[in-house]
Number of protein chains: 2
Amino acid sequence: MPHPNDPTLRSFISVAATSDFPIQNLPYGVFSANDGLAPRVGVAIGDDVLDLWQLAQDCRFDIDEPAVFAASSLNPFMALGPKVWSKTRARISELLRHDNPELRDNEKLRKRTLVPMADVRLHLPFTVAGYTDFYSSKEHATNVGVMFRGKDNALQPNWLHMPIGYNGRASTVVVSGTPVRRPCGQLKPPSVDLPSFGPCKRLDFELEMGVVVGQPSAIGERLTEQQAEAMIFGFVILNDWSARDIQQWEYVPLGPFQAKAFATSISPWIVTREALDPFRLHGPKQDPEPLAYLRQTQPNNYDMHLDVALHAGAKNAAADISSTNFKYMYWSSVQQLVHHASSGCAMNVGDLLGSGTISGPEKDQRGSLLEISWNGTEPVELPSGVKRTFLEDGDSLIMRGWCQGDGYRVGFGEVEGTITPAV
Amino acid sequence: MPHPNDPTLRSFISVAATSDFPIQNLPYGVFSANDGLAPRVGVAIGDDVLDLWQLAQDCRFDIDEPAVFAASSLNPFMALGPKVWSKTRARISELLRHDNPELRDNEKLRKRTLVPMADVRLHLPFTVAGYTDFYSSKEHATNVGVMFRGKDNALQPNWLHMPIGYNGRASTVVVSGTPVRRPCGQLKPPSVDLPSFGPCKRLDFELEMGVVVGQPSAIGERLTEQQAEAMIFGFVILNDWSARDIQQWEYVPLGPFQAKAFATSISPWIVTREALDPFRLHGPKQDPEPLAYLRQTQPNNYDMHLDVALHAGAKNAAADISSTNFKYMYWSSVQQLVHHASSGCAMNVGDLLGSGTISGPEKDQRGSLLEISWNGTEPVELPSGVKRTFLEDGDSLIMRGWCQGDGYRVGFGEVEGTITPAV
């Protein structure tokens, strides 16, 4: 049987070359349709969603607990572990292949299991156990450092020695399409003496990838590179919405709190680690060499294109404002996970690890408006003539990401969020 | 019917005046006994645990879903809301009163529902949805500030304007009695140029109270003082174990991460907000006056004694090293919760809010070894002659807390943790 990542595979479902969801991808999500059934697990294929719960009723799946597909989150499936993840993906791939009549020639089964994506609602794909946000792009950390501390002290002394991160707020992770209300908070621009409470005036996005942890580790246990890698179920695109003015006043000395607690948007589709395997490459050279526990023997970065478009008000068309690549990250997701557990911190099924804002070396590869507008001093001008320093009410922000194969893409769909006014 | 807080109430179960668990308390926990039954909800009374699940089989409880008492966490019960919390406590109080024959004279029922505390195992009382740690003692923040930045810049500019807090790690909240493994991490004392990875050398405790949030708030919603108060189910004693050397190197600019991720211990008993009501008082005067959203109309602090004892190695007796009071906190738990939701951050049933280290104005009222030993420069000498700056392997740390009524105490039992060597 060919490997599900085989670039020559074709499905009996026609998939455009620019679709994010060819048979080489098979990302998992949670969907509901207009059939009165509860949200359940599905897989994206072309313009359709494959209903795994319905499919498991009729097709051998070699999985002890097909009820995991009836759950409204992927956590029960993820808890079954990497062997089941692989086996399930291989079986789905087999069922969707152009040369397998099992599903292809069973019209009744096709009708019951394939739902047009246009007709479904996509839900948050997993229950977020804990949300941790890292800060692992050297370009991003340098940009922010230069802005606030000058060129000579851009990177903090610890930054090159470990993947710096902090605990985020899991309760407000939302799925793409969820409106984002402009937060209120304490604001104290340097020009005034006392803080006031009101709507954020410097609302920003941060382009990130999110690692979805699919296996737990015990309290008091550290992880090797191999163990950490095996715990990663997949990836989502992640928008770490940020209120820059709230952040600036609150974050010393304990880090960001309410500035990033109001919303974090993720893609509805989790692309599996296995599907991304063909796109792995080595990250930038790490100098100084990391301490032994953080050393890597494998290529743990990914060649993944990332685009950000801004839809500045309903009247204007969406326009690209950044185009970068996940490969630039200095610290890999595996290093982040190893470091996260290095104190003996227990990891749980459903933990979400944000990569940190992904900026590239070029000016048009910056992953936040803070950097794009250089702290509000250089407004970005869109093709419509509209200018922006930070996000305004009614603006929509759209992120896309995909790995380019030979004639196909392995992608995530989009992460969209529209700003609604503060109340 | 008398109110369950009535100081004149007595139970048919004899309770010593120094017991933490008189009829005026009735704290909730999760326990298992040697009866083969799964962990379930109980209430502490004197030296016994009252099995609510067994009790609900026989005694009218006016609660729609007595199955919540069969759960291995208090979350399902908490989710039922403040009216049910009050009604349930009143009914338990009624059943335990010396003048009510219902349980008192039913030997069979007593045997089935009252288990000696010595015979039970106490579990983590609730599933921690999110853990947030504040920094709300002015004395603690000032001590730390003086140590690291000098007297003139002790408090950061934002500290007097809002309850500073950060997201902690929920996955490693453990119940009293759980051994705490010394964490490893990156250490870079100022005297060396490069970090190394190894066991923490400056392991500390932090004496805190934890608020247990029992009701949710929606994303995008702010809270008033009254709404926040009504969401608080109760309190636990909390030890926010801290690796000072890991913290010192990692915490700029995003706050503590692995330094506080390895363990947080809480008391097995949640004392309800209602039981603590008689001990409320106004906190210290807040100057400058807080912004409108943080203003308080009620006394939201508590007159609660807090003791810390150090058992320095198995050979020596435990000795008190701090004795302070929860009343000193500058920012109240209600203000913390209001601020937490101020950006529209959704709160969940089971959220845990650490108060921050509770230090008082006097030297013997300091809530951490960092302060007691003044950053390791003034070792504390115990009656046995043993000295400590930070915790050593084999040391046990014991916290106790209670409110003193007239002839009775409303207390929490203890929070104990013993340090085991790093691996």
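Residues numbered from 1 in each chain as written. Chains lettered and ligands numbered in written order. Predicted model: local features only at pLDDT ≥ 70, side-chain atom pairs only at ≥ 80, totals over all residues. Heavy atoms only, no water.

Per an unreviewed UniProt entry, chain A goes by the name fumarylacetoacetase and belongs to Bradyrhizobium lablabi. You can read under Pathway (unreviewed entry) in the UniProt record for chain A the words "Amino-acid degradation; L-phenylalanine degradation; acetoacetate and fumarate from L-phenylalanine: step 6/6." (UniProt positions renumbered as here; feature names shortened; annotations may be inferred.)

Caption draft 1: Layout of the interface of chain A and chain B. Contact with chain A, which involves 57 residues of that partner, is made by 57 residues of chain B. In this assembly, chain A packs against chain B so that about 5100 Å² is buried in total across both faces, 61% of it on carbon and sulfur atoms. The largest share of the area that chain A buries against chain B comes from Arg169, Leu254 and Phe257 of chain A, three residues that together contribute 15% of it. Counting across the interface, chain A meets chain B through two salt bridges. Between aspartate 351 of chain A and arginine 169 of chain B there is a salt bridge, and its shortest N-O distance comes to 2.6 Å. At the surface where chain A touches chain B, the tally comes to 23 residue pairs in polar contact (both at pLDDT 80 or more). Mapped onto the side of chain A that touches chain B, the elements with two or more residues apiece are β6 (131–134), β7 (165–167), β10 (184–187), β11 (196–199), α8 (244–250) and α10 (333–340) of chain A. If you tally residues by element for the side of chain A that touches chain B, the top one is β7 of chain A, at three residues. (Contact = heavy atoms within 4.5 Å. Buried area = accessible area lost by both parts, 1.4 Å probe. Salt bridge = Lys/Arg side-chain N within 4 Å of Asp/Glu carboxyl O. Polar contact = N/O pair within 3.5 Å; in protein donor to acceptor, adjacent residues only side chain to side chain. Helix = DSSP H or I, 4+ residues; strand = E, 2+ residues; numbered from the N terminus.)

Caption draft 2: Seen up close, the UniProt feature "binding site: Mg(2+)" (unreviewed entry) in chain A. Residues and elements named next belong to chain A. Here the UniProt-annotated "binding site: Mg(2+)" (unreviewed entry) positions come out as Asp240, Lys260 and Thr264. Annotated residues spanning 25 residues; largest pairwise C-alpha distance 7.7 Å, indicating a single compact cluster. Within the element layout of this structure, aspartate 240 appears in the loop between β14 (232–239) and β15 (242–243). The class of aspartate 240 is buried, set by a relative accessible area of 0%. With sequence-adjacent residues up to four places away left out, aspartate 240 is seen in contact with Tyr131, Asp133, Tyr166, Phe205, Glu206, Glu208, Lys260 and Thr264. By the secondary structure assignment, threonine 264 is in strand β16 (residues 264–266). Residues contacting threonine 264, with those up to four places away along its chain left out, are Tyr131, Thr172, Val173, Val174, Leu238, Asn239, Asp240 and Trp241. (Buried < 20%, exposed > 50% of the residue type's maximum accessible area, 1.4 Å probe, protein only.)

Caption draft 3: Focus on the domain arrangement of chain A. Residues and elements named next belong to chain A. Examined at the domain level, chain A breaks down into domain 1 (28–123) and domain 2 (130–420). Computed over C-alpha atoms, the centres of domain 1 and domain 2 are 30 Å apart. Listed per partner, the contact involves 20 residues of domain 1 and 18 residues of domain 2. For the pair domain 1 and domain 2, the summed buried area comes to about 1500 Å², and 67% of that belongs to carbon and sulfur atoms. The largest share of the area that domain 1 buries against domain 2 comes from Tyr28, Met78 and Trp85, three residues that together contribute 39% of it. Our enumeration of links across domain 1 and domain 2 arrives at one salt bridge. Taking the shortest distance from any N to any O, the salt bridge between arginine 89 and glutamate 274 comes out at 2.5 Å. (Domains from an automatic or database assignment.)

Caption draft 4: Seen up close, the packing of aromatic side chains. Residue and element names in this part refer to chain A. Counted according to the given criterion, the structure contains 28 aromatic pairs over all chains. Centre to centre, the rings of tyrosine 28 and phenylalanine 77 are 5.1 Å apart; their planes meet at 45°, and the pair counts as tilted. Note that tyrosine 28 is positioned in strand β1 (residues 28–32) and phenylalanine 77 in helix α2 (residues 75–78), a separation of 49 residues in sequence. For the residue pair tyrosine 28 and phenylalanine 77, the accessibility class agrees, reading buried in each case. Seen in terms of ring centroids, tyrosine 28 and phenylalanine 233 are 5.7 Å apart; in terms of plane orientation they differ by 40°. Their pairing is tilted. Taken together, the positions of tyrosine 28 in strand β1 and phenylalanine 233 in strand β14 put the pair 205 residues apart, joining distant regions of the chain. (Phe/Tyr/Trp six-rings, centres within 6.5 Å; stacked < 30°, edge-to-face > 60°.)

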